[in-house]
Structures are given as structure tokens and as C-alpha cells.
Amino acid sequence: MAEDNLPDDFDVIVLGTGFPESVVAASLSRVGLKVLHLDRNDYYSGQWATFTFDSLLKWIELNQGETHGGASDESGAHNKEPPSLESGTFSVPVPSHSNTVSNIVVRSYFSEKKQEQEFGLSESKEDSTLETAASFSEAWKSVETKEVKPVPSGENDPSKVIAGAEGSGNEAEGFVDRPSDDSHEKLDTSDLNSTSSPTQLEESNETPLSEEKVSDKDFKENHDEELPTVTDSRDGQELSSLSQPRHRSEKKPAICPDMTYDDLKPYWRRFNIDISPKLLFSRGPLVEALISANISHYAEFKTVTRILTYMNGQVEEVPCSRADVFSSNAISVVEKRMLMKFLTFCLDFEQQQEQYEGHENKPYVEFLQSRRLTPNLQHFIIHAIAMVKPETATVIGLKATQSFLQSLGRYGNTPFIWPLYGAGELPQAFCRMCAVFGGLYCLRRSASEITISKENGKCTGVISENQLLKCKWLIMEHSYVPNIYKKECCQFVSRGVFITSSSLKISKEECVSVLSVPPSLEGEEPVRVIQLGSASMASPNGLYVVHLVSKGVTSAKDDLEATANKLFHFPSEAGNLHSDKPTVLWSLYFNQFIPDSSCVVDLPSNVHALSLPGLSLGFGEALQQAKEVFEKICPDEEFLQPVPNPEDIILDDFLQDPNHNTPQTDLANPQNDDIIDGGEGRALHEQAEGGDGGDSQSVEEKNESGTGATSSEPQEHLANE
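This one's a predicted model, so the numbers in the text were calculated from it and none came from an experiment.

Brief notes about the sheet that holds strand E11 (residues 301–303)
One open sheet holds the three strands; their spatial order is E10-E14-E11, and the pairing between them is antiparallel. At either end of the open sheet lies a strand with only one pairing partner, and these are strand E10 (280–281) and E11. Bridge analysis of E11 against strand E14 (residues 416–419) gives three bridges, and the strand direction is antiparallel. Pairing of Lys 302 across the sheet is with Trp 418, part of E14.

Quick look at the structure:
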């Protein structure tokens, strides 16, 4: 399809499908602007993506090797004549690949004997995982670039995807097989009862979803050979698959600390591993935006069930709610009273300035000491609640503590929720919203150059596959910024990903856990840990995915290795000695750059560069940046306007008909009402649901293929609409 040209005139062109770019594209498309959204990758979400294990291996190989999967050379652009520029314009080249990831170190710790026979591991076993990724890379390279239509109409074409490859594995081909389970809710956090409410993110304090609600059968069956039987959580009846199952005599290998690398292969597509894991504050701006924009049904969530901290050489649970405080054995009775009094003060500290007067710019730890809080309480407040450094200014520390407390109790005992199937689902949700309102999407296609007017210095368009595409505004992820506008970036994040055989702290129910590890030496950075299990759809049952994140000082391995050794057991070459710590089966370290506004200079006034994920715990900073860009383009419009109900669109068009002929006669004639509903009314309804009904269909396909996260009740609700 390389010969088929796109329309050549747009209001806005967006390069990159990361979170802030997708939010801006959705908000601009919603107010009626004509949006083209391009991405050089063959998956959605960019640096915010979530991968299955085999896709992660490919991502590692691309970022380690010299081939980065550029957009234009692989898509047949060299077969076309270069476009002629308009008079009075010149072009500036755009980088063909992203250079935002460095210092990648991969190591596997699987059973050595079998691995040496089958994979020929070296003594160090360093980067052994990449040897088996080569076969997958060849298959990926053979896929041709395709134009992604805004709303596919029924055909299951993996290269034509609405709002992201229909799964957080983010492949443009080969969707992720996800187990269907009606016990997980569509929009609410998964510990809430499923409802058919349009917004679905509602207040609740119910108990989080237990591990038993996630069907072990779904995880144990081989989804690549046979679609699992789904048990309806409402009536207990079994729902048989429509597809003919393919039987296989062999069973999947058992998951255990002694499993080999070959034993893991059948489970590769059960993983959903984030490159840049992020949490949502229950009362944060993103949750409110998802609800107010009426697009929360494009994702589902699970509550973070516990907050942990590393203290005195052990992993301890942090009391968050009032009930947790008074039931905790980690603090004394006197400390409980002191903690409750201080947290009550933090909720409205702005109204009690006399309490912290003189400490505004002093270290937070000094203010806590002035309140006569014990070292235990200081540790909990700084590292586990505020999640700041001890030397952080008092005002910033109080605001961080307040943000934590304000989100408590909405969806559980902690202030956080986690997007099921990974944070990469959220950019895709906004891409879907953009496509519903006419946005055009193309994966594996980028801009090779941007064109600049000599007269006013503004961007007039981009050149993509030797086609000149005009635009009034250009928005791009930082990795697309031409080199002439870039300054060297010296800040970066150190990230680590570990697959372990057990939890950091054993509990009766499987938990999504957030752990803070304070620095052990002066000059070191604190490390934030997020542990995910099968209940969050991050890993197969019996394995865990653990993320370590820290501000970069040297390389990721040097920054995080000391913390990893505190938390995990790494099998040695001499033998796998028993340990009470979780055993690591596979590990990945890498650095990711954090460019800020100072890293970009002299951009044209109608070009905006958006940041990469960065070090922040949540999505607040990226959402705020997207809002600022939207307000510059559309200063008089509301940011992320709600998606209207189809009935409202039909009624508004019906009543506002300028001729007032057909509406009045049809209203008087019930027979003609059927004609309206079956003709123009249906077209308007389908446009609201996604152009030609394709959006609603793609949601159903997403669930039938195992890649969606929609429970049965919200699915019926969409169908009824």
C-alpha cells in the first residue's frame, strides 16, 4: 500500500503515539480538527508501550543493534519520486529512529543444564535471551507497511488497527492472546462490582479482587493451541468458544524456580511488560479526565492493594488507611496516635500555615523532626507516603503527602490503581477516541523531513514516504525532533525489569504492590519498585514481573544492582542455593533519557515537542503538558470534551435541521420514524460509535481474540447503544 497516498492537507500532524501525543490528538480531533497520527514503529504507545515477552526481545534487539526499524526505507518510499517543495520553503531532516535507550544489559538465570544443551549458553549467560530472538525479528521484518484506517470494518487485519494494536503487546501482527474473565471489570478497578454504567469509574470501598477470582484454568491452558473456556461470573455458566480448538498432546511445562528457558516459551505471550510503568492516583487528573471524557470503557484497572517499604533489612507493609494504622504491628500505640494526627494536619495544611512557618524551604525531614515524630514514622512518611527524598523542601513534601491522602479510599486502601495489561493501554485508549472522531492513523510510517517557510519560520508540513503533507500545526515526540533543534540531554532514568518465581512479601491474596527502597549511602538515589502478578495480567500464574526505577547516576545496572541484591536471590554459577528471597529467572537493565524543555531550542512557533515518560510515578505531568499544547492550538475550546452518547447526537442533528421539513413530518408519522432510525439515524449512531460501527466491532474482536479487557456487561452496554 506504499503507492496509495494519504490526503495531503491536515490541520494537525502528530508524530509518535506516546501518551501525551495521543491525548493531544484525541482532544484536537474531538473539537473537529483534521488529525493525522503517524508512528515509525510497528506498535502503538512508543516509549510508553507494553510488550509481550517475545515482542520485548525484539525491542531489545532493535535498541541494541544498528537496525532501528526506520520508517521510510522499509515502506517502499525509495520507489517514489521525491516531492517538489513549494517556493519559499526549505526542509529539515527528521531522525529515522529513536536513540532514547542505552546501556541495555540482559541476563537469564534459568536452569543451566538444559539451556546449555539447547541454546549453547556462555559461562556468563550474558544477553543469552537475545540469541533466540533472531527468528522473531526476521518474521517482523517481512511485514509490509500498511495504512491504518480510523475504523476497521470487520476484517481482522492486524496492520489496520484502531487506537493501537488491539492488545498491550502492541504488535501490528499477531495479537496478544488474553484470557477472558468476567470477574475483571471493564472500567472500574477490578476489585469493584461490574456495572453497565457509561462512566464506570465510581466510588467504592469494597475489598480488592482476590487471586481466586482470576481463573487458574485460563492461565494453565495453552492459549496458543486452544481457546479457554470462560466462566461467567454472574451466573456461573460456562461459555464455550466459537472457534474450533486445536488439540495438542504435549502439556505446558510447570512453572517453578528450576524451569529452563525453553520451559518459558509457551508462556511468552502471557506477559505484558511495561517499558515505562506508571500508576494512576485514584483522584488524580487522569482518572477524572477518563471519566469526564466518557472514554474510560477503553481500559480497565486493578487497585494497588498494598504499599511496602524496605526498613531494617526487611520488607514491611505501610499502614495507609485508619484501619491499617490501628491494626499495624510495625508501629507502637503512641506512634499510631502521632501518625494519625500528622496525616490529619497534612490534608489541609494550607489552612494551617503557622504549623510549618519558617520550614517552607527547609528539608522535609527537619520539619518532621520538629513535630517530634519517631524515626519509624519519618521513614514511613518520607519514603512510602510522600515518596520524596529527605532533603526535599517541606512545602513539596507536604503537597506530596496530601496528594497521597486525597486519593485514599476511593477504590481501595491505597491511593493507586494500575491499568490491566499495562500502561501501554492508556495511549491506545486516546488513539481510539481520536479515530472515532475522524483521526487517521498509520503505523510504520513517519516523516523524513519537515518543511519550513522562509518568510515566517513556521512549519508548513512534513514529507512522508516522498509525499508532501501540509499542516497548520505539528506535534511530535521528542525523539522526532530534528537534530538542529536539539541540545544534548544529560538526564536519564535507570530501569530494571525482573521475572521472579515468588512475591517480595507473601500474602494470602496476590497483590499489586508498590515498594520504596531508600538509599543506603549518601549520594545514591531512592528506588521505586512495582510488583505485578497474574491478577494484573502482567505474567502467567506463578510468576511475577518486578520493575525497578531510579534516577540515573551511572548505568542502570550500577544504579539498581545493589537494590536488586537486597530484594532478590540470583542463582549463582556454583549452584542454586536456597533463599527466602524471590528467585530471579530473567533480568533486564536499561537507561532511558529524560529530555526537558531546555533540550529543545528555536523550534518553529507552530511545532510542539512533547516529553518522554520520565521519572514521575504517575501520568500527571504528561497530561498537563498535553493540556498546555491543546490550549495553545484551541484556546477557546474545552480540553478533552466528553464523547456524547449516540442518542444525543441523533437528537441534536434532528432538532437542528436547517430546513425543518423532514423532522416535523417524521415526528408526526411514526412509520417514518423507523425510516429515520434505519437510515440517517443509524449512520449518525455508527459515526458516534466509530465511523461505520467498526469501533464497536473492534472492541468485540478485541475480546474474542483474547486481547481485550472488556467484561461482559459493559460489552453488552456498548452493543445496546
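And the narrative resumes.
Things to note about the sheet that holds strand E23 (residues 584–593)
Strand order in this open sheet of eight strands is E5-E23-E19-E22-E21-E20-E12-E13, and the pairing throughout is mixed. Here the strands that pair on one side only, and so sit at the sheet edges, are strand E5 (101–108) and strand E13 (314–317). Between one strand axis and the next, the sheet turns through 20 degrees on average, direction left out of account. Inspection of the sheet shows strand E21 (residues 527–532) paired to strand E22 (residues 544–551) by five bridges, in the antiparallel sense. If you follow Val 529 over to E22, its bridge partner there is Leu 548. Running at roughly 45 degrees to E23, helix H2 (residues 53–64) makes contact with E5, strand E19 (492–500) and E23 of the sheet.

As for helix H7 (residues 285–292)
Within the span of H7, buried status applies to Leu 286, Val 287, Ala 289, Leu 290 and Ile 291. On its buried side, H7 packs onto helix H1 (19–30), E10, E11, E14, helix H14 (425–436) and helix H16 (620–633). Asn 294 sits one or two residues past H7 and shows a positive phi near 65 degrees.

Some thoughts on the environment of Asn 329
Here Asn 329 shows up in the loop between helix H8 (322–327) and helix H9 (333–347). Looking at Asn 329, the relative accessible area reads 78%, which means it is exposed.

With respect to the packing of aromatic side chains
Under the definition given, this model contains 25 aromatic pairs. A ring pair is formed by Trp 59 and Phe 590, whose centres lie 5.4 Å apart and whose planes are at 70 degrees; its orientation type is edge-to-face. With Trp 59 in helix H2 and Phe 590 in strand E23, the pair connects residues that are 531 residues apart, well separated along the chain. Overall, the relative accessible area of 4% leaves Trp 59 in the buried class. For Phe 590, a relative accessible area of 0% gives the class buried. Considering the side-chain rings of Phe 345 and Phe 367, the 6.3 Å spacing of their centres and the 40 degrees angle between planes classify their relative orientation as tilted. Here the residue Phe 345 occupies a position in helix H9, and Phe 367 occupies one in helix H11 (residues 364–370), the gap between them amounting to 22 residues. Neither Phe 345 nor Phe 367 differs from the other in exposure class; each is buried. Ring pairs connect the aromatic residues Phe 53, Phe 110, Tyr 261, Trp 268, Phe 271 and Trp 586, which therefore count as one cluster.

So, the environment of Ala 323
Relative to the helices and strands, Ala 323 is located in helix H8. Through-space distance from the C-alpha of Ala 323 to that of Asn 413 is 9.1 Å; in sequence the pair is 90 residues apart.

Topic: H14
The terminal C-alpha atoms of H14 lie 17 Å apart, and with twelve residues this matches the ideal 16 Å at 1.5 Å per residue to within 8%. Among the twelve residues that make up H14, twelve are buried, leaving the element largely enclosed by the rest of the structure. Inspection of H14 places Glu 425, Leu 426, Pro 427, Gln 428, Ala 429, Phe 430, Cys 431, Arg 432, Met 433, Cys 434, Ala 435 and Val 436 among the buried residues, and these make up the whole buried set. Where H14 ends, the next residue or the one after it, Gly 438, has phi of about 100 degrees, a positive value.

Concerning the packing of H1 against H14
Close contact between H1 and H14 brings their axes to 8 Å; oriented N to C, the two are set at 20 degrees. The orientation of H1 with respect to H14, classified from their angle, is roughly parallel. Taken as a pair, H1 and H14 cross one another with a handedness that is left-handed. On the side of H1, the interface is formed by Phe 19, Ser 22, Val 23, Ala 25, Ala 26, Ser 29 and Arg 30, while H14 contributes Leu 426, Pro 427, Phe 430, Cys 431, Met 433 and Cys 434. Per-class residue counts for the contact of H1 with H14 are ten nonpolar, two polar and one charged.

Overview of the pairing of strand E20 (residues 513–517)
Of all five residues that make up E20, five are buried, and the element is covered over most of its length. In this structure, strand E12 (residues 306–311) lies alongside E20, joined through four bridges in parallel fashion. Along E20, the bridge assignment pairs Leu 308 with Leu 515. With five bridges joining them, E20 and E21 adopt antiparallel strand pairing. Note that in E21 the partner of Ser 516 across the bridge is Arg 528.

What counts, and at which threshold
- Residues numbered from 1 in each chain as written.
- Predicted model: local features only at pLDDT ≥ 70, side-chain atom pairs only at ≥ 80, totals over all residues.
- Heavy atoms only, no water.
- Pairing = 2+ DSSP bridges.
- Helix = DSSP H or I, 4+ residues; strand = E, 2+ residues; numbered from the N terminus.
- Axes fitted to C-alpha atoms, helices over the stretch in contact; angles between N-to-C directions.
- Contact = heavy atoms within 4.5 Å.
- Buried < 20%, exposed > 50% of the residue type's maximum accessible area, 1.4 Å probe, protein only.
- Phe/Tyr/Trp six-rings, centres within 6.5 Å; stacked < 30°, edge-to-face > 60°.
- Expected span 1.5 Å × (residues − 1).
- Parallel < 35°, antiparallel > 145°, perpendicular 65-115°, else oblique.
- Left-handed = near helix turned anticlockwise from the far one by under 90°.
- Nonpolar A, V, L, I, M, F, W, Y, C, P; charged D, E, K, R; others polar.

None of this, on its own, says anything about what the molecule does.
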